[in-house]
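# Structural features, examined
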Amino acid sequence: DGCFDGKLYTDGKVVVGETAEVSGDVVCTNIDIWGKIDGNLFIKDITSFKAGCAVNGNLQVRKLIVELGSTFNGNCKMITEAEYDSIARQYKPEKPQPASQKPEKK
């Protein structure tokens, strides 16, 4: 229910509350939107626009639910799971490399 600015990536579900504002791309499995989003959405499964939400950006999703009273300005493309996986690879953060171990002193 706060403000977020940047890219958001998760293998889970995102919930954007009524007072929330997101500015940036979102990549996730499922999303429920009550608040505002300015950015592109790449959703693996279900996107749900709740009454009163405002989304400005392009949407690539497998399933879409739009309630009356929601606002969407952008393009929508229905994608396959394989297409999502290809897109998600570009956004997925790299795993941190383990710190190099110091050599033992002899």
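Our subject is the structure listed above.
What this report covers is the structure whose coordinates are included nearby. (Residues numbered from 1 in each chain as written. Predicted model: local features only at pLDDT ≥ 70, side-chain atom pairs only at ≥ 80, totals over all residues. Heavy atoms only, no water.)

### A closer look at the pairing of strand β8 (residues 41-49)
With seven of nine residues buried, β8 is to be regarded as a mostly interior element. Two elements, strand β5 (residues 26-28) and β8, share three bridges in a ladder whose sense is parallel. Bridge pairing in β8 links Val-26 to Leu-41. Of the pairings in the sheet, the one linking strand β6 (residues 30-33) to β8 comprises three bridges and is parallel in character. (Buried < 20%, exposed > 50% of the residue type's maximum accessible area, 1.4 Å probe, protein only. Helix = DSSP H or I, 4+ residues; strand = E, 2+ residues; numbered from the N terminus. Pairing = 2+ DSSP bridges.)

### Points about the pairing of β6
Both faces of β6 are covered, namely the face carrying Asn-30 and Asp-32 and the face carrying Ile-31 and Ile-33. In this structure, strand β3 (residues 13-16) lies alongside β6, joined through four bridges in parallel fashion. Within β6, the residue paired with Val-14 across the bridge is Ile-31.

### Structural notes on helix α1 (residues 81-91)
Of the residues making up α1, those classed as buried are Tyr-84, Ile-87 and Ala-88. The arc that holds the buried residues of α1, viewed along the axis, is 100°, so those residues lie on one side. Seen from the buried face of α1, the exposed residues on the opposite side, beyond 90 degrees, are Ala-82, Arg-89 and Gln-90. Buried positions along α1 lie against β2 (8-9), β5, β8 and β10 (59-66). (Arc of directions from axis to C-beta. Contact = heavy atoms within 4.5 Å.)

### A look at the pattern of salt bridges
Inspection of every chain in the model, using the stated rule, returns six salt bridges. In this structure, Glu-81 engages Arg-62 in a salt bridge whose closest nitrogen and oxygen atoms are separated by 3.5 Å. Here Glu-81, found in helix α1, pairs with Arg-62, found in strand β10; they are 19 residues apart in sequence, far enough to count as distant. Judged by its relative accessible area of 36%, Glu-81 falls in the partly exposed class. Across the salt bridge formed by Lys-77 and Glu-83, the nearest N and O atoms sit 3.7 Å from each other. Judged by its relative accessible area of 43%, Lys-77 falls in the partly exposed class. (Salt bridge = Lys/Arg side-chain N within 4 Å of Asp/Glu carboxyl O.)

### What about the packing of aromatic side chains?
If you walk through the whole model with that rule in mind, you get two aromatic pairs. A centroid spacing of 5.3 Å and a plane angle of 40° characterise the contact between Phe-42 and Tyr-91, whose relative ring orientation is tilted. Here the residue Phe-42 occupies a position in strand β8, and Tyr-91 occupies one in helix α1, the gap between them amounting to 49 residues. Judged by relative accessible area, Phe-42 falls into the buried class, the value being 9%. Considering the side-chain rings of Phe-49 and Phe-72, the 5.4 Å spacing of their centres and the 45° angle between planes classify their relative orientation as tilted. (Phe/Tyr/Trp six-rings, centres within 6.5 Å; stacked < 30°, edge-to-face > 60°.)

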